[in-house]
Amino acid sequence: MIDSPIFFAALTYTPATLGFLGCIKPKTVFPVAILTLLGIAGLSLTALQTGFEISYKLIWTGGIEFTFDKYTFPLLFAASISLLIVLSTYRDKLSHYFYQICLVLLTALTVSFSAQDLISIYIALELTGFCAFILIADRNDNKSLFHSFQYLIGGGLAMLIYLIGVVQGFQFSGSFLISDLSTATTPALCLIVAGLLTKAGIFICGLWVPNIYSHANRQSAAILSGCVTCAGVAPIARLSDGMQPIENSMVVIGVLSAIIAALYAVFERDDGRALGWSSVSQLGFAILSPSYACIYAMQHGICKTLLFTTLSSPIQDDESIESAQSAPTNIPEWLLVTIFVIASLSIMGLPFTAGFITKTWLKGDIPIEASLITSTSTLLTATVYARLIWSRCNTYIKNLEIYKSLDQYKQNLLNPQSIVLIMSGILIIGFSFSYQEAYYYNNIQSSLAAVVLASFLYTSVAGLQTESFVKPVTRTLDLVGAPFVVAALLLANLFYFKI
Amino acid sequence: MKLKSLILKKCKKKLDLIILPAVILLIIGCFGILNSRTLINSLFSLDVIDTATISIFVLIAATSGSQTPILSSAPRYANYSDPYPQAIILTAIVIGFATQALLCTIALRLSRSTPLLKYEDLEK
């Protein structure tokens, strides 16, 4: 591998440069941008397999420290693959300056995945927030504008809380490095973690996630779920790897998030919103183990991007024309359904998908007492996806005759959009053969049992009229106040409960 | 005098005393953002919290001394303030300004359909 600092600095800032150049010459830069994304994805995959690590300072002595290691590469891979999928499948539907913003977003994400000091992470997260804001507001109607306002004001407040924590830590250690944070006081740690949790979209700071996913465009929602929420995961994993109190509190927060958000997702009937709640639950599950958080977030991010990309079909039973317009064109419908099912099964954790492997790793790393929690969360998640798969396939089978008459059905598979989708489907399945030790009897049995039980559970809750007791959280007060509540919860945990 | 001695007793260190106004400002801002009924109110409150955070940074940097941090052999600059947090907070000021600008843009757009910008109208 290349281990020159200049190469990695260039790798970080090339996407942003291309993004700004793309504002001037959009048509010329687009292929270059796609090639760059492919290059980054390939590089991070190689680095992931070889376990490559590099640490460098941006301007040699006394400079800003960056580390590319096991926390960076999985998430970098997920981010570039998500962007590739979205940019290629929605190529003819991208609005003005969409891909340029995505490239700037990639630089911000890379910085937040690799930065070692808290201030760089702050700047990267704010930049990510701005880009995400523009992506949400891309739909340009009142609802999405208001939700982007909520996101920005909640995110801004969370980052200010984070900044107060940072300066408290600075007071004792005299530096902004993550590794020096061990001398910081408990309130400082609580404030920092509350800010990061809000950006990562983990319950209860992640109340903004379902609203935004259901009110943004499908392509924006795919990018948000695939990369933006990962921006908070890497710093959390870094922090909790070094410090015992944070790691212990993360178990509490992760368990709360995994269970409560999954329950919400089971009772939610709107597809976008259900995927949002499931995302909150999955990321909560991921932060339970600091060493495998990033790789779990990677698998989740790629699958979520595929799910959002393939969620809409040209013909819908109940929804308006709007949903039909958000479906990607030029791709045969049966391929969309197949990819949707594969991605869902991967999140459910069925054998021979990527989710099975990452779930096995994660299960092996967390304390044995928490296995009940993981099983419950897996079961609930599987219930959600059983419903989604069922409704997606049902819509398809009902309208099979119409699809056959459409041109879309007979399209050949050699256009770029279809190839990208097929490749990502192969990627998900192929990843499952990278770790053969996961295929032992108990493990396969438990995951199959979860899937079968989930189908039964789905049939038992399918008829419930849930609109009366599950109301979407849309009040700004709830979204803005959540970081305070989490900071207080963490403080109470670290001082009194000591879980 | 009694109040002053009480505060001094509570805040044993000098630092606690000097950042007290900033902390009060922070609490005012948080109170405002949690109780605002219109978009504009929460926008102002966010700005207040922003200012409070910046003040905390600057005040903590100034604990070692309040003179301008210029390297020189003259004794005048013996106890200068720490330039590191002050340099870093400049970024936060700019980012805060950018956030305000974006929020104002959205408020402007939303005000075409809901002129009063009340949360209860927008959250429906």
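Data block above holds the structure.
Model, not experiment: these values are computed from the prediction. (Residues numbered from 1 in each chain as written. Chains lettered and ligands numbered in written order. Predicted model: local features only at pLDDT ≥ 70, side-chain atom pairs only at ≥ 80, totals over all residues.)

A. Structural detail: the overall build of chain B. A count of helical and extended segments in chain B gives five helices and zero strands. Going from N to C terminus, chain B has its helices and strands arranged as α-α-α-α-α. Looking at the 124 residues of chain B, the share that counts as buried comes to 27%. Looking at chain B alone, contacts between residues at least 24 apart form 46% of all its contacts between residues at least 6 apart. (Helix = DSSP H or I, 4+ residues; strand = E, 2+ residues; numbered from the N terminus. Buried ≥ 20, exposed ≤ 12 C-beta atoms within 10 Å, placed from the backbone. Contact = placed C-beta atoms within 7 Å.)

B. Molecular detail of the packing of helix α10 (residues 230–242) of chain A against helix α13 (residues 293–310) of chain A. Residue and element names in this part refer to chain A. Between α10 and α13, the least distance of the axes is 9 Å, while the angle of their chain directions is 170 degrees. Between α10 and α13, the interaxial angle falls into the category roughly antiparallel. The hand of the α10/α13 crossing is right-handed. Across the interface between the two elements, Cys230, Val233, Ala234 and Ala237 of α10 pack against Ala293, Cys294, Ala297 and Gly301 of α13. Counted by class, the contact of α10 with α13 contains seven nonpolar, one polar and no charged residues. (Axes fitted to C-alpha atoms, helices over the stretch in contact; angles between N-to-C directions. Parallel < 35°, antiparallel > 145°, perpendicular 65-115°, else oblique. Left-handed = near helix turned anticlockwise from the far one by under 90°. Nonpolar A, V, L, I, M, F, W, Y, C, P; charged D, E, K, R; others polar.)

C. Up close: unusual backbone geometry. Residues and elements named next belong to chain A. In this structure, Asn140 takes a positive phi of about 65 degrees despite not being glycine. Secondary-structure assignment places Asn140 in the loop between α5 (118–136) and α6 (142–173). One non-glycine residue with positive phi stands out, namely Phe352, at about 65 degrees. Considering the arrangement of structural elements, one finds Phe352 in the loop between α15 (333–348) and α16 (354–365).

D. Region of the structure containing the interface of chain B and chain A. The interface is formed by 27 residues belonging to chain B together with 26 residues belonging to chain A. Elements that contribute at least two residues to the side of chain B that touches chain A include exactly α2 (14–35), α3 (39–61), α4 (83–113) and α5 (119–122) of chain B. The element contributing the most residues to the side of chain B that touches chain A is α4 of chain B, with 13 residues. Here the residues of the side of chain B that touches chain A sort into 19 nonpolar, five polar and three charged.

E. How the structure looks around the pairing of strand β2 (residues 65–68) of chain A. Residues and elements named next belong to chain A. Side chains Phe66 and Phe68 of β2 all project onto a buried face; the interleaved residues Glu65 and Thr67 project onto a face where none is buried. Direction of pairing for strand β1 (residues 54–57) relative to β2: antiparallel, over a ladder of four bridges. In the strand pairing of β2, Ser55 is matched with Thr67. (Pairing = 2+ DSSP bridges.)

F. Broad picture of the nonpolar core. All names here are of chain A. Counting 195 residues, the largest nonpolar core has Leu75, Val233 and Ala297 as the members making the most contacts within it. At 17 residues, α6 tops the list of elements feeding residues into this core. Excluding residues that lie within four positions of it along the chain, Ala297 makes contacts with Leu75, Ala78, Cys230, Val233, Leu283 and Ala286. (Core = buried A, V, L, I, M, F, W, Y, C linked by C-beta atoms within 7 Å.)

G. Focus on the environment of Ser391 of chain A. With respect to the helices and strands, the residue Ser391 of chain A is situated in helix α17 (residues 371–398). For the pair formed by Ser391 of chain A and Gly242 of chain A, sequence separation is 149 residues and the distance between their alpha carbons is 44 Å.

H. The environment of Gln282 of chain A, seen in detail. Residues and elements named next belong to chain A. Here Gln282 lies in helix α12 (residues 271–286). Taking the C-alpha atoms as reference points, Gln282 and Trp361, separated by 79 residues in sequence, lie 15 Å from one another. Once residues within four sequence positions are removed from consideration, Gln282 is found in contact with His300 and Ile347.

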